[in-house]
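The lines below spell out each chain.
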Amino acid sequence: MKLSLIARSSSVAALVTTALAFGAVAAAPAAVAGPGAGPGTAAVDSASPSADYPSAGQGTPTSQLRSNGLAAQLAAAKPITRSETLKRAATWVDQGLEYSMGGETYQGWRTDCSGYVSMAWGLPGPGETTDSFIPEGIAHRITKDELKPGDALDNPNPGRYGHVVLFEKWADADKSSYWGYEFNSRGVFHHVIPYPYFNHQDEYEPIRLNSIVDDEVTPVATDDTSRIKGDFDGDGRDDVAVLYDYGKDGERNHSGLWTFTSKGAGFNAPRQVWDSGSDSWNWASSKVTVGDFNGDGKADIGVLYDLGRTDDGRNRTRLYTFTSTGSGFTGPQLAWDSSTDAVSSWNWATSKPVVGDFNGDGKADIGVVYDYGQFDTGNRTAVWTFTSTGAGFAGPKLAWDSATDAVKSWKWTNSKPVVGDFNGDGRTDIGVLYDYGQKGDISRTGLWTLSSNGTGFNSPQQVWDSSNDAVKSWNWAASKPVSGDFNGDGKADIGVLYDYGKDGDASRTAVWTFNSTGAGFTGPKKLWDSSNDAVKSWNWNASKLTAGDFNGDGKADIGVLYDYGKDGDASRTGLWTLSSTGTGLSSPQLAWDSSKDAVKSWNWNASKLG
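Predicted model only: the values in this text are computed from it and were never measured. (Residues numbered from 1 in each chain as written. Predicted model: local features only at pLDDT ≥ 70, side-chain atom pairs only at ≥ 80, totals over all residues. Heavy atoms only, no water.)

Broken down by element type, the protein chain carries 6 helices and 34 strands. Within the protein chain, buried positions represent 56% of all 610 residues. Summed over all atoms, the accessible surface of the protein chain reaches about 23,600 Å², with 49% contributed by carbon and sulfur. (Helix = DSSP H or I, 4+ residues; strand = E, 2+ residues; numbered from the N terminus. Buried < 20%, exposed > 50% of the residue type's maximum accessible area, 1.4 Å probe, protein only. Areas by Shrake-Rupley, 256 points an atom, 1.4 Å probe, with all protein chains shown as cover.)

Bridge count for strand β30 (residues 543–548) against strand β31 (residues 557–567) is 6 bridges, and the pairing is antiparallel. Its bridge partner being in β31, Ser 543 is matched across the sheet by Tyr 562. Inspection of the sheet shows β31 paired to strand β32 (residues 570–578) by 9 bridges, in the antiparallel sense. By the bridge assignment for β32, Gly 559 is matched with Thr 577. (Pairing = 2+ DSSP bridges.)

What follows concerns the sheet that holds strand β12 (residues 252–260). With respect to topology, 4 strands assemble into an open sheet ordered β13-β12-β11-β34, the strand pairing being antiparallel. Both edges of this open sheet fall to β13 (271–275) and β34 (607–609), since each of them pairs with a single strand only. Here the strands of the sheet are splayed against their neighbours by 25° on average, with no regard to which way each runs. Across 4 bridges, β12 lies against β13 in antiparallel orientation. Bridging from a neighbouring strand, Leu 257 pairs with Trp 274 of β13. (Axes fitted to C-alpha atoms, helices over the stretch in contact; angles between N-to-C directions.)

Okay, the sheet that holds β30 next. The strand order β30-β31-β32-β33 describes an open sheet built from 4 strands, whose pairing is antiparallel. Looking at the sheet topology across the chains shown, the edges are occupied by β30 and β33 (589–593). Averaged over neighbouring strand pairs, the angle between their axes works out to 25° when direction is ignored. Bridging between β32 and β33 involves 4 bridges; their strand directions are antiparallel. Within β33, the residue paired with Trp 576 across the bridge is Leu 590.

Further remarks concern the pattern of salt bridges. What the rule picks out here adds up to 22 salt bridges. A salt bridge links Asp 401 to Arg 380, with the shortest nitrogen-to-oxygen separation between them at 2.5 Å. A residue pair is termed long-range when its members are at least 10 positions apart, and Asp 401 in strand β21 (residues 397–401) and Arg 380 in strand β20 (residues 378–386) qualify at 21 residues. For Asp 401, a relative accessible area of 7% puts it in the buried group. Relative accessible area serves as the criterion here: at 23%, Arg 380 is assigned to the partly exposed category. Connected via shared salt-bridge partners are Arg 82, Lys 148, Asp 151, Arg 208 and Asp 214. (Salt bridge = Lys/Arg side-chain N within 4 Å of Asp/Glu carboxyl O.)

This part takes up helix α6 (residues 113–120). Within α6, 8 of the 8 residues are buried, which leaves the element mostly enclosed by the surrounding structure. Burial in α6 covers these residues: Cys 113, Ser 114, Gly 115, Tyr 116, Val 117, Ser 118, Met 119 and Ala 120. Looking at the buried residues of α6, the elements they touch are β1 (80–81), α5 (82–90), β3 (109–110), β6 (163–170), β7 (177–184) and β8 (187–194). A side-chain oxygen of the first residue of α6 lies 3.3 Å from the backbone nitrogen of Ser 114; this N-cap is Asp 112. Gly 122 sits one or two positions beyond α6 and adopts a positive phi of about 75°. (Contact = heavy atoms within 4.5 Å. Polar contact = N/O pair within 3.5 Å; in protein donor to acceptor, adjacent residues only side chain to side chain.)

Burial analysis of β8 places 7 of its 8 residues in the buried class, the great majority of the element. Here 8 bridges tie β7 to β8, and the two strands are oriented antiparallel to one another. Bridging across to β8, Phe 183 finds its partner in Val 188. Linking two consecutive strands that pair antiparallel, namely β7 and β8, is a turn of 2 residues.

What follows is about the packing of aromatic side chains. Counted under the stated rule, the structure contains 50 aromatic pairs. Judged by centre distance (6.2 Å) and plane angle (70°), the rings of Tyr 178 and Tyr 195 are edge-to-face. You can see Tyr 178 sitting in strand β7 and its partner Tyr 195 sitting in the loop between β8 and β9 (205–209), a full 17 residues away along the chain. The pair formed by Tyr 178 and Tyr 195 is uniform in burial state, with each residue classed as buried. Joined through ring pairs, the aromatic side chains of Tyr 244, Tyr 246, Trp 258, Phe 260, Trp 592 and Trp 602 make up one cluster. (Phe/Tyr/Trp six-rings, centres within 6.5 Å; stacked < 30°, edge-to-face > 60°.)

It is worth spelling out the side chain of Ser 351 at this point. Position of Ser 351 among the secondary structure elements: in strand β18 (residues 351–356). The exposure class assigned to Ser 351 is buried, which follows from its relative accessible area of 1%. Looking at Ser 351, its side chain comes within polar contact range of the main-chain oxygen of Asn 347, at 2.8 Å. Beyond its immediate stretch of four places on either side in the chain, Ser 351 contacts Lys 287, Leu 304, Trp 346, Val 368, Val 369, Tyr 370 and Trp 412.

See below:
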């Protein structure tokens with residue numbers, strides 16, 4: 001899965017020096033998208049220009065307005081990184097800016113296509129034009145295969161006949177379309193564009209700013225699938241989402257979606273980004289997943305939703321997506337309905353959804369570990385995948401079936417699935433912590449992996465068995481697994497929050513990790529134990545677990561939404577983080593406490609963590 005192109009490694013120095021030379025970009029407040037609000041990542045058919053030529057005209061280029069010579073200013077300017085270019089471009093999305101052909105400006109740059117790209121490139125305002133980038137020595141031509149984030153597709157004709165688009169990344173493997181930022185006659189958009197553009201394709205050419213430089217850490221593909229698991233705003237740090245239950249409001253079910261955005265050293269106060277409002281949304285019928293479904297570098301939210309049984313006895317399930325705009329989310333969009341699919345019937349209650357880039361195309365897909373129940377030959381379990389198309393999902397495809405596999409019998413109720421790129425090949429695999437039950441005083445647990453082959457999954461391999469390990473006994477029922485690259489080596493590992501029960505008056509909990517070797521996993525290693533920590537007591541039953549790179553250091557951390565119960569009339573909940581050190585975990589830090597927040601009361605039992 002790909003990291004956000006607006007990577008945390010962008011050069012702060014480059015932004016500062018560019019801002020000093022040309023005038024800093026003022027940070028405009030981002031609009032909060034309410035239910036049904038349009039996303040910044042508009043689809044091709046809704047954000048493509050309405051006219052034959054996308055630009056209504058362009059103003060006079062800076063190079064013609066300044067008598068003291070633009071070339072000298074550019075020669076003295078500091079380079080700008082690719083990620084910083086894209087970060088600047090993103091600041092104009094969702095601001096409601098209107099295209100102007102009369103030279104009007106915003107933050108010092110013209111509000112037209114070339115003024116927008118000039119702003120993103122850090123050029124002096126009011127900005128160059130499509131027919132001046134090359135002649136003025138500001139940029140140079142490159143080939144299609146040389147395109148990198150922050151380059152541009154330029155139609156160098158003058159005035160309304162010219163247009164320029166900022167290139168972000170390829171949207172598909174055959175390079176027939178790409179994600180780009182553009183200011184056209186309908187506004188500022190971040191969306192997928194056919195290469196090189198919607199029309200007049202023979203007039204466009206790839207160009208590169210002469211002063212643009214690669215980031216020290218290239219903001220492109222990474223093998224660590226956990227890195228953007230929950231990066232909703234595209235800043236390179238993972239955030240946390242909670243689907244919240246408000247209960248019944250008359251005849252309707254009332255739910256809300258909240259996010260805790262990371263600020264590096266902790267989390268900002270929770271912000272409601274969606275409310276079911278006058279519509280009805282049943283929290284109890286929702287299974288929440290998180291992933292970058294459209295490949296724009298920002299994580300979205302998917303919900304597998306239960307509609308119960310149809311009149312003719314079929315199980316009906318839907319898949320909804322909330323697409324991140326960077327500053328909020330669109331309202332839920334229907335992505336799939338079992339009643340209109342070839343499968344016809346789909347049982348929500350026997351579905352365990354997981355998310356990962358299973359085919360390695362840079363977009364997160366949704367997998368479902370599905371229970372068929374018990375047959376004469378044993379327990380039958382399957383894995384189905386909904387493959388992302390960028391604009392939606394393909395119908396479910398059977399990717400693995402225990403009935404046709406060498407294992408034959410696989411018990412769904414004994415399976416706790418996690419996902420990650422365990423072998424570092426760029427495709428997400430599935431791991432399963434499996435319960436073999438108890439024999440005498442010994443609880444036996446195994447760890448299995450189903451490795452992705454791009455089109456499906458290979459036969460499961462057992463990579464660990466507690467009965468063959470020094471630990472001997474491992475209680476599956478006392479285990480809450482998560483996945484993440486905890487040591488930062490580019491391969492996903494598996495962590496387990498483990499319950500030791502009561503130790504005197506204190507509740508004892510520990511975190512163990514199974515580190516990936518690429519070909520398998522090391523035996524479990526204890527990284528943290530509440531009995532040896534300042535917290536002393538930690539209630540496993542009051543803990544809802546997630547993992548992500550919350551501080552943006554390239555290593556996955558662990559987050560816990562923790563229940564303190566009732567404090568008077570208020571429900572008290574805390575958000576704790578255990579930050580990875582690479583070889584272990586730091587002592588847990590309380591990153592948020594509802595009792596000290598404006599919300600005051602937060603019901604842990606009404607929260608589903610994403």
